[in-house]
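Report on the structure
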Amino acid sequence: MREEEEISAAIDRVLLGEDAIAERVGKMAGEISAAYANVEYGDDGLVLIGVLKGAFVFLADLARRLTVPHHVDFIALSSYNRGETKGEVRLIMDSRISVADRHVLIVEDIVDTGYTLDYLRRTFTAREPASLRSCVFLSKPERRRIDVPIDYLGFEIPDVWVVGYGLDYGDRYRTLPYIGALKQEVYES
Ligand code: PRP
């Protein structure tokens, strides 16, 4: 099958289209720009920490719509035992910038059980930033195992497997420009 046909065979429906995403991301960027309006560029400035891989698309769109100066950095994590209660998170690649005394904004594509964001909050709190907040594109509240604060949220979605806009299934579909629900038969086969 051609890539295009394979994609349309795998996607059940579009949950969030390109226009809805762009509108919401623009609003989030406006809120964040207002919140950090007095923060200047430099050693005590704003640092966006994108969580790889999933957040790279959201971060790119969000960061380009911010009207306040900021650094961009990344951290890569992987979670063990997905779907089980353990929720261990493994650090694959740490961020490079020193976040001490800086305003840190964690940028995530999705919060599911909450273990990853909780791990990130503990990790960055220990590094003594001036402030620590999180900005998350999608949240699945039904899946939460641990209560974790989200300061800026794009959308709440139901408990379905979503792909696109950075999110994957077996590393596929990340660069679809919309958020699509995967057909159940795809992830259950
Ligand atoms: C996804 C997502 C979050 C995490 C959320 O990453 O990007 O980091 O899962 O899940 P949680 O709330 O249950 O911890 P994933 O491990 O799929 O890696 P990827 O971003 O590289 O695809």
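The structure under discussion appears in the preceding block.
One structure accompanies this document, and this report is about it. Along each chain, numbering runs from 1 in the same order as the chain's sequence is written. In keeping with the model being predicted, local features are shown solely for residues with a pLDDT of at least 70 and side-chain atom pairs are shown and tallied solely at 80 or more, while totals for entire chains, interfaces and linings include all residues. The basis for every side-chain value is the complete set of non-hydrogen atoms in the structure, without hydrogens or water.

With that out of the way, let us pick up a negative patch on the surface. To count toward a patch, a residue needs a relative accessible area above 30% and no salt bridge. Like charges then connect within 9 Å, nonpolar side chains (Val, Leu, Ile, Met, Phe, Trp, Tyr) within 5 Å. Note on areas: Shrake-Rupley, 1.4 Å probe, and residue coverage restricted to the protein chains presented here. We count a salt bridge whenever a side-chain nitrogen from Lys or Arg sits within 4 Å of a carboxyl oxygen from Asp or Glu. As used throughout, the charge tally considers Lys and Arg to be positive and Asp and Glu to be negative, leaving His and the chain termini uncounted. Just so you know, the charge point we use is NZ for Lys, CZ for Arg, CG for Asp and CD for Glu. On the surface, Glu40, Asp44, Asp101 and Glu128 cluster together into a patch of negative charge. Asp44 sits in the partly exposed class, given a relative accessible area of 48%. Burial classification: accessible surface area is computed with a 1.4 Å probe over protein chains only, and a residue below 20% of its type maximum counts as buried, one above 50% as exposed, and the rest as partly exposed.

Attention shifts here to the pattern of salt bridges. For the coordinates displayed, the defined rule picks out 13 salt bridges. Here Asp118 and Arg122 are joined by a salt bridge, their closest N and O atoms 3.1 Å apart. Taken together, the residues span about one helical turn, with Asp118 and Arg122 both in helix H4 (residues 115-125) at a distance of four residues. The network of salt bridges with shared partners includes Lys53, Asp168, Asp171 and Arg174. Strands here are runs of E lasting at least two residues and helices are runs of H or I lasting at least four, both read from the DSSP assignment and numbered beginning at the N terminus.

On to unusual backbone geometry. Put simply, Leu52 and Lys53 share a cis peptide bond, and its omega is 0°. Locating Lys53 in the fold gives a position in the loop between strand S2 (46-52) and helix H3 (56-65). The backbone phi angle of Glu128 is positive, close to 55°, even though this residue is not glycine. Under the relative-accessibility criterion, Glu128 is labelled exposed at 59%.

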